[in-house]
Amino acid sequence: MKTNSIFYVLIVFFLTFHISAQENRDIETGMPGDHFSLEGALTLFQQADSPENFEKSLNTEDNHINNLDLNEDGEVDYIKVNAWTEKEVHVFVLQVAVSETENQDIATIQLEKTGKEEAQIQIIGDEEIFGEETIVEPSDEGSIKEND
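Residues numbered from 1 in each chain as written. Predicted model: local features only at pLDDT ≥ 70, side-chain atom pairs only at ≥ 80, totals over all residues. Heavy atoms only, no water.

A. Highlighting the environment of D77. Looking at the secondary structure, you find D77 in the loop between α3 (51-58) and β1 (79-86). Overall, the relative accessible area of 5% leaves D77 in the buried class. Along the sequence, D77 and N59 sit 18 residues apart, while their C-alpha atoms lie 8.4 Å from each other. With residues near it in sequence (within four places) discarded, D77 still touches N59, N66, L68, D69, L70, N71 and V96. (Helix = DSSP H or I, 4+ residues; strand = E, 2+ residues; numbered from the N terminus. Buried < 20%, exposed > 50% of the residue type's maximum accessible area, 1.4 Å probe, protein only. Contact = heavy atoms within 4.5 Å.)

Structure follows, in structure tokens:
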């Protein structure tokens, strides 16, 4: 009987901890990153067939991934995607023009070839936007996970 009580207490503890952890992820920080979904951007990137299509889908209003207004003009900022390659690593920098002469990095997607048909992908949120470097990558099951 005592074993069952301990078992039930542990179940309640882990359920409470899991629910609390999920709630903390959704808490607004007051940082601009509250208005941009790294997870959503990574999913769109995985579905896009080119950097141009990724940029287009990233800036589509219906997807609710980008709601940034860094230049405070009352309109959602357009995110540019700049891409380049260094050996086996493809880098995609997401930027917003905050003025005519200044851009702000939002996040960087890194795609590194790790085998003939394998690659590692992650999106890294900029510290100035998210408050701290935030890394999101797909888990083994294909879903997205966040690493702080």
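Let's pick the thread back up.
B. Focus on unusual backbone geometry. We note that H64 has phi near 60°; this positive angle belongs to a residue other than glycine. Overall, H64 belongs to the exposed group, its relative accessible area being 70%. Here the phi dihedral of E72 falls at roughly 55°; this positive angle occurs in a residue that is not glycine. Counting through the fold element by element, E72 comes out in the loop between α3 and β1. Residue class for E72 comes out exposed when judged on its relative accessible area of 69%.

C. Geometry of the packing of aromatic side chains. Summed over all chains, the structure comprises 2 aromatic pairs. Taken together, a centroid distance of 5.2 Å and an interplanar angle of 85° make the contact between F45 and F54 edge-to-face. Note on F45: relative accessible area 11%, which makes it buried. Every member of this aromatic cluster is reached through a ring pair, and the members are F45, F54 and F92. (Phe/Tyr/Trp six-rings, centres within 6.5 Å; stacked < 30°, edge-to-face > 60°.)

D. Representation of the pairing of strand β3 (residues 103-113). Pairing of strand β2 (residues 89-97) with β3, which is carried by 9 bridges, proceeds in the antiparallel orientation. Across the sheet, H90 pairs through a bridge with L111, a residue of β3. Hairpin geometry of β2 and β3 is characterised by an intervening segment of 5 residues between the two adjacent antiparallel strands. As consecutive antiparallel partners, β3 and strand β4 (residues 119-125) are separated by 5 residues. (Pairing = 2+ DSSP bridges.)

E. Examining the confidence of the model for the chain more closely. Per-residue pLDDT for the chain has a mean of 81; in total, 76% of the residues score no lower than 70. Low pLDDT (under 50) marks residues 3-25, which in the prediction has 2 contacts with non-local residues, meaning those over four places away or in another chain. (pLDDT = per-residue confidence, 0-100.)

F. Broad picture of the side chain of Q122. Tracing the sequence through the fold places Q122 in strand β4. Apart from residues lying up to four places away in sequence, Q122 is in contact with T108, I109, Q110, I135, V136 and E137.

G. Expanded view of the nonpolar core. Among the nonpolar cores identified, the biggest contains 23 residues, and F36, F54, L58, L94, I106, I109 and I123 are the most heavily contacted of them. Residue assignment for this core shows that the elements contributing at least two residues are α2 (38-47), α3, β1, β2, β3, β4 and α4 (127-130). Here this core gets 5 residues from one element, more than from any other, and that element is α2. Ignoring sequence-local partners within four residues, the contact set of F54 consists of A41, L44, F45, A48, V81, L94 and I109. (Core = buried A, V, L, I, M, F, W, Y, C linked by side-chain atoms within 4.5 Å.)

H. Examining α3 more closely. Inspection of α3 places F54, E55, S57 and L58 among the buried residues, and these make up the whole buried set. Check the buried side of α3 and you find it contacts α2, β1, β2 and β3.

I. Just the pairing of β4, in detail. Counting buried positions along β4 yields 5 of 7 residues, so the element is predominantly enclosed. Sheet topology places β4 next to strand β5 (residues 134-138); 3 bridges connect them, and they run antiparallel. Within β5, the position partnered with G125 by the bridge is T134.

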